[in-house]
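Coordinate inspection notes
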Amino acid sequence: MKPEKEGTVPKYAAVPRGPQDGDLDRSYHLDFLRVTEAAALGAARWVGKGDRTSADQAACEAMRAHLNQVNMCGTIVIGEGELDEAPMLFIGEKVGNKKGPKVDIAVDPLEGTTLCAKNMPGAIATLAMAEEGTLLHAPDVYMEKIAIGPGYPKGIVDLDAPPEQNILNLAKAKGVKPENITALLLDRPRHADIIAAVRKTGAAVALITDGDVAGVIHCAEPKTGIDIYLGIGGAPEGVLAAAALRCIGGQMQCRLVLDTDEKRERAFKMGIKDPRKKYEIEDMVRGDCLFAATGVTNGAMLNGVKFGKDVIETETVVMRSVTGTVRRIRAEHRQFAKFHLD
């Protein structure tokens, strides 16, 4: 299999689709699963090749090309950068064919660039869409996060409470001992104190190297064995994760880490008036939204792209908040395989 030249897009893929009436019509499910599939297929050509930049660029180019075929007037409000510099899908970039409703778009064309480059589990291509003005416009900074799955009283955990208190409260709500709770965190030195506090209660800690969109979603998926997500990660990933939890249920609180004057000024220009605001899910994603993700490498959430002799297989999850619908789609790409495989 040989990587195609930069900037090339299969001509058969550019087929405008989507509703024209200004609603987040359910037909958008197909449009956006095609977008994340394209990004995942682009990135998958670089799995295990040690080149994070090329993998991310391939995902960005494929995602941008397919977004621009959807019937919408979209604005990237959560992207890979705040400046107009190719190949990134930057904050403020306009996407879509300008024939449909105005919508906000949050993207991470390749969440887990290192995972992809090293052929490690959990790399995904993901995006969220909501009506115009309903997704949090956040700068590309860090964000404090806490999240749990659905079925618990509001406020059972709190971003400002000590980690050990959150573990004890969650264990009580679940009717189990703290020893039966597992907390998921990014494996970073900055989390040493949180990890120590969690383990002091007797709870277990699971660590991931990258991929905290999927990490937050794991809290709402019983099969993963994850009960709570804690720690500091990227703000773009936080908004994407909030969109997913808005669709499938759960609680999440976040706060932007605006620890310099430059970051506070950037945030202010994007409409963030209170730099210490604690965001609930409803503050980050208001109204109806869609979330889609396609696996690049195998993970607990999704299977990765699988290259066969005559077919390429993908697995995608598409969620919608207004209905609570979760669709998992396993697709076989035969025409794409002919285009890409020797």
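1. Topic: the nonpolar core
Residues L136, M252, L256, M284, F291 and M301 are the most contacted members of the largest nonpolar core, which totals 49 residues. Sorting elements by how many residues they give to this core places helix α7 (residues 235–248) first, with 9 residues. Non-local contacts of L256, meaning those with residues more than four positions away in its chain, are made with A138, P139, V141, Y142, M143, A235, I272, P275 and Y279. In terms of nonpolar packing, the next biggest core, distinct from the first, is built from 36 residues, A59, L89, L115 and V305 among them.

2. Considerations on the pairing of strand β6 (residues 182–186)
Among the 5 residues in β6, 5 count as buried, and that is most of the element. Burial along β6 is two-sided: T182, L184 and L186 facing one way and A183 and L185 facing the other are all buried. Direction of pairing for β6 relative to strand β7 (residues 204–208): parallel, over a ladder of 5 bridges. Within the sheet, the bridge partner assigned to L185 lies in β7 and is L207.

3. Points about the pairing of strand β11 (residues 289–295)
When a strand is regular, its side chains alternate between the sheet's two faces. Of all 7 residues in β11, 7 are buried, a share of seventy percent or more. Burial of the side chains of β11 extends over both faces: C289, F291, A293 and G295 are buried on one face and L290, A292 and T294 on the other. Two elements, strand β4 (residues 124–131) and β11, share 7 bridges in a ladder whose sense is antiparallel. Its bridge partner being in β11, I124 is matched across the sheet by G295. As paired strands, β11 and strand β13 (residues 312–320) are joined by 5 bridges and run antiparallel to one another.

4. Observations concerning the packing of aromatic side chains
Aromatic rings in a pair are described by how distant their centres are and how their planes are angled relative to each other. In the structure shown here, the tally under the stated rule is 1 aromatic pair. Note on Y28 and F32: the rings are 5.5 Å apart at their centroids and 45° apart in plane angle, and the pair reads as tilted. Residue Y28 and its partner F32 are both found in helix α1 (residues 28–44); the two are separated by 4 residues, about one turn of the helix. Like Y28, the residue F32 is buried in the burial classification.

5. What about helix α4 (residues 163–174)?
The end-to-end C-alpha separation of α4 is 17 Å, in line with the 16 Å expected for 12 residues at 1.5 Å each. Within α4, the full set of buried residues consists of N166, I167, L170 and A171. All buried residues of α4 lie within an arc of 130° about the axis, which places them on one face of the element. Next to the buried residues of α4 lie β5 (142–148), β6, α5 (192–200) and β8 (228–234).

6. Quick look at the environment of V103
Relative to the helices and strands, V103 is located in strand β3 (residues 102–111). Residue V103 is classed as buried on the basis of its relative accessible area of 2%. Linking V103 and C289, residues 186 residues apart in sequence, is a C-alpha distance of 9.8 Å.

7. A look at the side chain of H191
Following the sequence through the fold, H191 ends up in the loop between β6 and α5. Ignoring anything within four residues of it in the chain, the contact list for H191 reads L185, L186, G231 and I232.

8. Looking at the state of the cysteines
Going through the model one piece at a time under the given rule, you end up with 0 disulfides. The closest cysteine sulfur to the non-disulfide-bonded C247 is located on C289, 3.9 Å from its own sulfur. Exposure remark for C247: the relative accessible area of 5% places this residue in the buried category.

9. Examining the pattern of salt bridges
The tally for this structure, following the rule as stated, stands at 19 salt bridges. When the shortest N-O distance is used, the salt bridge between R188 and D210 registers 3.5 Å. Of this pair, R188 sits in the loop between β6 and α5 while D210 is found in the loop between β7 and α6 (212–218), placing the two residues 22 residues apart along the sequence. Judged by its relative accessible area of 25%, R188 falls in the partly exposed class. A salt bridge links R328 to E221; the shortest N-O distance between them is 3.2 Å. Placement of R328 in strand β14 (residues 325–333) and of E221 in the loop between α6 and β8 is noted, with a sequence separation of 107 residues between them. Classification of R328 as partly exposed rests on a relative accessible area of 38%. Through salt bridges with shared partners, a single ionic network connects D158, D160, R255 and K278.

About the cut-offs
- Residues numbered from 1 in each chain as written.
- Predicted model: local features only at pLDDT ≥ 70, side-chain atom pairs only at ≥ 80, totals over all residues.
- Heavy atoms only, no water.
- Core = buried A, V, L, I, M, F, W, Y, C linked by side-chain atoms within 4.5 Å.
- Buried < 20%, exposed > 50% of the residue type's maximum accessible area, 1.4 Å probe, protein only.
- Helix = DSSP H or I, 4+ residues; strand = E, 2+ residues; numbered from the N terminus.
- Contact = heavy atoms within 4.5 Å.
- Pairing = 2+ DSSP bridges.
- Phe/Tyr/Trp six-rings, centres within 6.5 Å; stacked < 30°, edge-to-face > 60°.
- Expected span 1.5 Å × (residues − 1).
- Arc of directions from axis to C-beta.
- Disulfide = S-S within 2.5 Å.
- Salt bridge = Lys/Arg side-chain N within 4 Å of Asp/Glu carboxyl O.

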